[in-house]
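So you can see what is in the structure, the chains are spelled out below.
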Amino acid sequence: MGELFRGVRLGVDVGQVRVGVSRSDPHGILATPLVTLARDLTAEPDVVPSDLAELAHLVTEHEAVEVVVGLPINLAGRHGPAAQHVTAYANRLAEVVAPVPVTLTDERMSTVVASRRLSERGVRGKRQRAVVDQAAAVEILQSWLDAQRRRTE
């Protein structure tokens, strides 16, 4: 496979209410928080929901070469309703951002890890909820980047 090809990646944590977004540097080393989007659950089936449109805009703005979406696999490793929901979201996103690829990655622990890290830093309550989605998106993208790098070493 060789070295991870250069370019910014976006990491996405899909929640029922919000979507956390992170981005990597062009070298694929560090993921940083970007934004939290509100899920648009009111769009008609033939209309692109505003959160997907906003993600597509971010892909263009940051010239992203790939979007990495965290797939919540429950601890037994089975693909439950949440995973199906995210897969459907990722498929829709792939249509909107084509030809930029959308990759699903196992994010079993990202929200838990992100919440714990924020608590350790003293970020709690409402403020934590506001940033936890971005933090989860950072965990998703960072662990994916680390895994890619391990594969190429």
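It should be emphasised that the depicted structure is a prediction, and the values quoted were computed from it without experimental measurement.

A tally of helices and strands in the chain yields four helices and five strands. Secondary structure elements in the chain, listed N-terminal to C-terminal, are β-β-β-α-β-α-β-α-α. The proportion of buried residues among the 153 residues of the chain is 43%. For the chain, the share of sequence-separated contacts (at least 6 apart) that also reach a separation of at least 24 residues comes to 65%. Approximately 8400 Å² of the chain is accessible, and the part contributed by carbon and sulfur atoms is 55%.

Within the secondary structure, Leu 10 sits in strand E1 (residues 9-14). Each C-alpha atom, one on Leu 10 and one on Leu 58, is 8.4 Å from the other, the two residues being 48 residues apart in sequence. In contact with Leu 10, not counting residues within four places along its chain, are Ser 22, Arg 23, Leu 34, Leu 58, Val 59, Ala 64, Glu 66, Val 67, Val 68 and Leu 141.

Looking now at the pairing of strand E4 (residues 66-71). Counting buried positions over the six residues of E4 gives six, a clear majority of the element. Here E4 shows two buried faces, one formed by Glu 66, Val 68 and Gly 70 and the other by Val 67, Val 69 and Leu 71. Where E1 meets E4, four bridges bridge the pair, whose relative direction is parallel. Bridge pairing in E4 links Gly 11 to Val 68. Looking at chain direction, E4 and strand E5 (residues 102-106) are connected through five bridges and run parallel. Within the sheet, the bridge partner assigned to Val 69 lies in E5 and is Leu 104.

Turning our eyes to something else, we now look at the nonpolar core. The biggest cluster of nonpolar side chains holds 24 residues, and the ones touching the most others in it are Val 12, Val 19, Leu 55, Val 59, Val 67, Val 69 and Leu 93. Taken together, the elements giving at least two residues each to this core come down to E1, strand E2 (18-24), helix H1 (50-61), E4 and helix H2 (81-97). The element contributing the most residues to this core is H2, with six residues. Among all residues touching Leu 93, those that are not within four sequence positions of it are Leu 52, Leu 55, Val 67, Val 69 and Val 102.

Okay, the confidence of the model for the chain next. When the pLDDT values of the chain are averaged, the result is 86; 83% of them are 70 or greater. Confidence, read as mean pLDDT per element, is least for helix H3 (residues 110-120) in the chain (69) and greatest for H1 (97).

Let's shift gears to the environment of His 85. Inspection of the secondary structure puts His 85 in helix H2. Given the relative accessible area of 27%, His 85 is considered partly exposed. With 14 residues separating them in the primary sequence, His 85 and Leu 71 have C-alpha atoms 9.3 Å apart. Not counting residues within four places of it along the chain, the set of residues in contact with His 85 comprises Val 14, Gln 16 and Arg 39.

This paragraph deals with H2. For H2, with 17 residues, the first-to-last C-alpha span of 24 Å sits near the 24 Å given by 1.5 Å per residue. Every buried residue of H2 is listed here: Ala 83, Val 86, Tyr 89, Ala 90, Leu 93 and Val 97. All buried residues of H2 project into a common sector of 120° when viewed along the axis, lining one side. Away from its buried face by more than 90 degrees, H2 exposes Pro 81, Gln 84 and Glu 95. Looking at the buried positions of H2, the neighbouring elements they touch are E1, E2, H1, E4 and E5.

Rules and cut-offs
- Residues numbered from 1 in each chain as written.
- Predicted model: local features only at pLDDT ≥ 70, side-chain atom pairs only at ≥ 80, totals over all residues.
- Heavy atoms only, no water.
- Helix = DSSP H or I, 4+ residues; strand = E, 2+ residues; numbered from the N terminus.
- Buried < 20%, exposed > 50% of the residue type's maximum accessible area, 1.4 Å probe, protein only.
- Contact = heavy atoms within 4.5 Å.
- Areas by Shrake-Rupley, 256 points an atom, 1.4 Å probe, with all protein chains shown as cover.
- Pairing = 2+ DSSP bridges.
- Core = buried A, V, L, I, M, F, W, Y, C linked by side-chain atoms within 4.5 Å.
- pLDDT = per-residue confidence, 0-100.
- Expected span 1.5 Å × (residues − 1).
- Arc of directions from axis to C-beta.

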